[in-house]
Every structure is written in structure tokens, then in C-alpha cells.
Amino acid sequence: MTSNPACSLLLASALSAAERNWPVIPLHPWAKRPAGHPERACPRTGRCANGHRKPEQRATTNPELIHATWGARPYNVGIATGPAGLLVIDLDVLKPEEPKGAPDGATSLAALCERTGQTVPRTYRVRTARGGEHLYFTAPPGVRLKNSADRLGKHIDTRAWGGYVVAPGSTTPDGTYEVTDDAPVAPLPAWLASLLAAPPKPAHVELAPVRDGTRAANTALERECAVIQAAAEGGPNGRNNTLHKSACKVARFVAWGHLPRHVAEQAIQAAGEATGLPPAECRTTIRSAMDWVIAHATPRQAAS
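Keep in mind that this is a model prediction, so the values were computed, not measured.

Chemist: Can you break down the overall build of the chain residue by residue, with the values?
Modeler: Along its length, the chain carries 9 helices and 12 strands. On C-alpha atoms alone, the chain measures out to a radius of gyration of 21 Å, which is about the 19 Å that the 2.2 N^0.38 rule sets for 304 residues. Referenced to the eigenvectors of the C-alpha coordinate spread, the extents of the chain come out at roughly 65 × 50 × 40 Å. A burial count over the chain gives 44% of its 304 residues as buried. Considering only residue pairs separated by 6 or more positions, the chain has 74% of its internal contacts joining residues 24 or more positions apart. Approximately 15,400 Å² of the chain is accessible, and the part contributed by carbon and sulfur atoms is 53%.

This is the structure we're talking about:
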């Protein structure tokens, strides 16, 4: 085992997850982002010669690979929830800019239980770095549940196929992920499974009023949001790649002054989240596309 104390602790966390048959991925040290290149920057060589391999596809329970990876650097540990057969409910805390008294994830879940007359069983729980909580459940057989954002309530996200959670023992500038209840992982209650398996409501994109002469910009925004929502999960036309390309196309109209940036970003964010992409991933991808295009766009006269 490595002599680096940080590596040793994180290696133990990765091996512990693997012993539960939960495939793990390395995350950047002190961060929550997967190590390795994003889909939009994939070189299509090496392990990605046949197409971009997402973190979920690279996740492993192989002890040799885990020793080699976490013996080299103090990577944080991610658990690929779909391959692990897990659905994790992520109860977020309020953001600093949100008003005091607004419902956090735990409050929203309690309200959901009260409205439905249901309860959440005791299960394996992890305190997140910011003070939220992860509730681990085994996913129901025969149903391929995906990630969700605010579907069960405000500040309640879920991680299943297409997602991952940060494992206990990992540390970010906000703190350390810690097990608060080492109970056996309970099956996902049927009432929660039915809420998550129901077809999602179509994302409704509200376009704020904009100046005259932006008809082409509005049309482009609506078209690209539809393209994003129709994107598949992976490959060159996958969700993240499509989100980035469409954001770049709309960003031209922002750069030319035909569309307010916040209007474009809100609409594209809603479309991206409707595909199941995590909100943070959407924001990062959209911001990157907007910043680059706005910085490099050539001048153009106002659209008629």
C-alpha cells in the first residue's frame, strides 16, 4: 500500500466500495469532477479509439486497477451508481444566495412523505461535504432509472444510470464525505420508484421578452433546445456534445447582441437537464461554450 497517508485513506475508500461490488472512478483530488478528458475534448484514441468512454464505462471493481490508480495520486472516489445497482437520493442544502427559510432537500423530502403518507426506510447514509446527505438504495430490478434533478422536490436530486456520487472519505474544500449511518442498503421504496419511473413532464422553456430584430435568435434558441432534448446518451452525438454544440450556435446571437445571455443560458440549461444531465455539468458546458464564442465571434449587423 502507498506510504502517502491521503492516498492510503482514499485507496481504502475505493477498495471498500469495490468490495460491495460498487464500481469506482477517480475524481480530481479535492474535487468532484471525474479525472480524464470530457466527451467534447475526446481524442478518440487509446481507450477511446472506438468512441468516448464515459466515467460510468470506465468504472471498475478490479483491485489491481484500483491500487494502481489510487496509489499514484490522492484521487477522490466516485461510485458509478448505475453499474453499482444503486439509486442515491441527494438531499442538497441551500445555496448561500438563497433566502433563509427556503426548503432544503431534507425539508422537501419530509414534505413529500407527508403529502403521500409514505415513509423512507433506514438505509446507508453519507453526509456530504456541504452538509447535505446521500441516501443509498438498491435500484429496483427490471427498471433502468436515470438521474433526476428536483423531480421529487426542491433540492432533491437522484443519481442512477448516467451518474455517480462522491464516496465517503473523499474531501473537497467544503469538507469531507462521511458515513452517518452504516446500515445495510435498503431497496428503493416502490412509491419512490414509481415517481421516478413516470414519464417526465416535457421541459417548458420560457423565453424572456427581447429587443426587436431578434426573431432569428429566438428561432435558433428554440431549435437548438429541441436538438438538445432529442440527444442520445453517448457517442459524438451524445448529450454533452450536443449541449456544447448547440450552446455554441446560440452563443453567436448573444455575441451579436441579438439575445440576452441569461435568457439563452436559462433555456439551454432547462433543455440540458431535461435529458438527465446533472445541473452542474450543464452549467459548466454552457458557460464554456458561451465564453469561447463570445470572445471569438466576428461582428455582425442586427438580424431583421
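Chemist: Can you explain the sheet that holds strand S1 (residues 24–27)? Please cite residues and give values.
Modeler: One open sheet accounts for 3 strands, arranged S1-S2-S8; its pairing is antiparallel. Either end of the sheet is taken by a strand with one partner, and the two such strands are S1 and strand S8 (164–166). For this sheet the average axis-to-axis angle between neighbouring strands, irrespective of direction, equals 35 degrees. Sheet analysis places strand S2 (residues 76–80) next to S8, joined by 3 bridges and oriented antiparallel. Directly across from Ile 79, in S8, lies its bridge partner Val 165. Across the face of the sheet, helix H1 (residues 5–19) comes into contact with S1 and S2 while running at roughly 10 degrees to S2. The sheet contacts of helix H3 (residues 63–70) involve S1 and S2, and relative to S1 the element is tilted by about 10 degrees.

Chemist: Go over the packing of aromatic side chains, please, and point to the residues and values.
Modeler: Centre distance and the angle of the planes are the two values used to describe a pair of aromatic rings. Taken as a whole and assessed by the stated rule, the structure comprises 4 aromatic pairs. Relative to Tyr 124, the ring of Trp 22 has its centre 5.9 Å away and its plane inclined at 70 degrees; by these criteria the two rings are edge-to-face. Taken as a pair, Trp 22 in the loop between H1 and S1 and Tyr 124 in the loop between helix H4 (105–116) and strand S4 (125–127) lie far apart in primary sequence, 102 residues in all. For the pair Trp 22 and Tyr 124, a shared accessibility class is recorded, and that class is buried. The structure contains a cluster of three or more aromatic residues connected by ring pairs, namely Trp 22, Tyr 124 and Tyr 136.

Chemist: I'd love a proper account of the packing of helix H6 (residues 215–229) against helix H8 (residues 261–274), names of residues and values included.
Modeler: Running from N to C, H6 and H8 point in directions that differ by 20 degrees, and their axes come no closer than 8 Å. In terms of axis orientation, H6 runs roughly parallel to H8. You can see that H6 and H8 cross each other, and the crossing is right-handed. Within the contact between the two elements, H6 uses Leu 221, Cys 225, Ile 228 and Gln 229 and H8 uses Val 263, Ala 264, Ala 267, Ile 268, Ala 271, Gly 272 and Ala 274. Here the residues of the contact of H6 with H8 are counted per class, giving 9 nonpolar, 2 polar and no charged.

Chemist: Lay out the environment of Gln 266 with the relevant residues and their values.
Modeler: If you trace the backbone, Gln 266 turns up in helix H8. Residue class for Gln 266 comes out exposed when judged on its relative accessible area of 54%. A C-alpha to C-alpha distance of 16 Å links Gln 266 and Asn 240, two positions 26 residues apart in sequence.

Chemist: Quick one: what's the story with the nonpolar core, residue by residue and with numbers?
Modeler: Of all hydrophobic cores here, the largest spans 29 residues; its most connected members are Trp 22, Val 24, Ile 66, Trp 70, Ile 79 and Tyr 136. If you list the elements that add at least two residues to this core, you get H1, S1, H3, S2, strand S3 (86–91) and S8. A total of 6 residues in this core trace back to one element, the largest contributor, which is H1. Excluding residues within four positions of it along the chain, Val 24 makes contact with Ala 14, Ala 17, Arg 58, Ala 59, Thr 60, Ile 66, Trp 70, Val 77, Gly 78 and Ile 79. Grouped together as the second largest cluster of nonpolar side chains are 24 residues, Cys 225, Ala 271, Ile 286 and Met 290 included.

Chemist: A description of empty space enclosed by the protein should follow, citing residues and the corresponding values.
Modeler: It is a probe the size of a water molecule, rolled over the atoms, that shows where empty space is left. As enumerated under the stated definition, the model contains 1 cavity of 30 Å³ or more in all. Around the largest cavity, the lining residues are Asn 147, Ser 148, Ala 149, Arg 159, Glu 273, Gly 276, Leu 277, Pro 278 and Pro 279. Along the lines of polarity and charge, the residues of the lining of the largest cavity split into 4 nonpolar, 3 polar and 2 charged.

Chemist: Report on the environment of Leu 15, specifying residues and quantitative values.
Modeler: Looking at where Leu 15 falls in the secondary structure, it is placed in helix H1. We classify Leu 15 as buried; its relative accessible area is 16%. As for Leu 15 and His 67, which are separated by 52 residues in sequence, their C-alpha atoms are 8.3 Å apart. Here Leu 15 is in contact with Pro 63, Ile 66 and His 67, once residues within four sequence places are set aside.

Scoring rules and cut-offs
- Residues numbered from 1 in each chain as written.
- Predicted model: local features only at pLDDT ≥ 70, side-chain atom pairs only at ≥ 80, totals over all residues.
- Heavy atoms only, no water.
- Helix = DSSP H or I, 4+ residues; strand = E, 2+ residues; numbered from the N terminus.
- Rg over C-alpha atoms; globule rule 2.2 N^0.38 Å.
- Buried < 20%, exposed > 50% of the residue type's maximum accessible area, 1.4 Å probe, protein only.
- Contact = heavy atoms within 4.5 Å.
- Areas by Shrake-Rupley, 256 points an atom, 1.4 Å probe, with all protein chains shown as cover.
- Pairing = 2+ DSSP bridges.
- Axes fitted to C-alpha atoms, helices over the stretch in contact; angles between N-to-C directions.
- Phe/Tyr/Trp six-rings, centres within 6.5 Å; stacked < 30°, edge-to-face > 60°.
- Parallel < 35°, antiparallel > 145°, perpendicular 65-115°, else oblique.
- Left-handed = near helix turned anticlockwise from the far one by under 90°.
- Nonpolar A, V, L, I, M, F, W, Y, C, P; charged D, E, K, R; others polar.
- Core = buried A, V, L, I, M, F, W, Y, C linked by side-chain atoms within 4.5 Å.
- 1 Å grid on protein atoms, 1.4 Å probe; cavity = no way out; pocket = protein on both sides within 12 Å on 5 of 7 lines; lining within 4 Å.
- Points joined across faces, edges and corners; volume = space filled by probe spheres on them.

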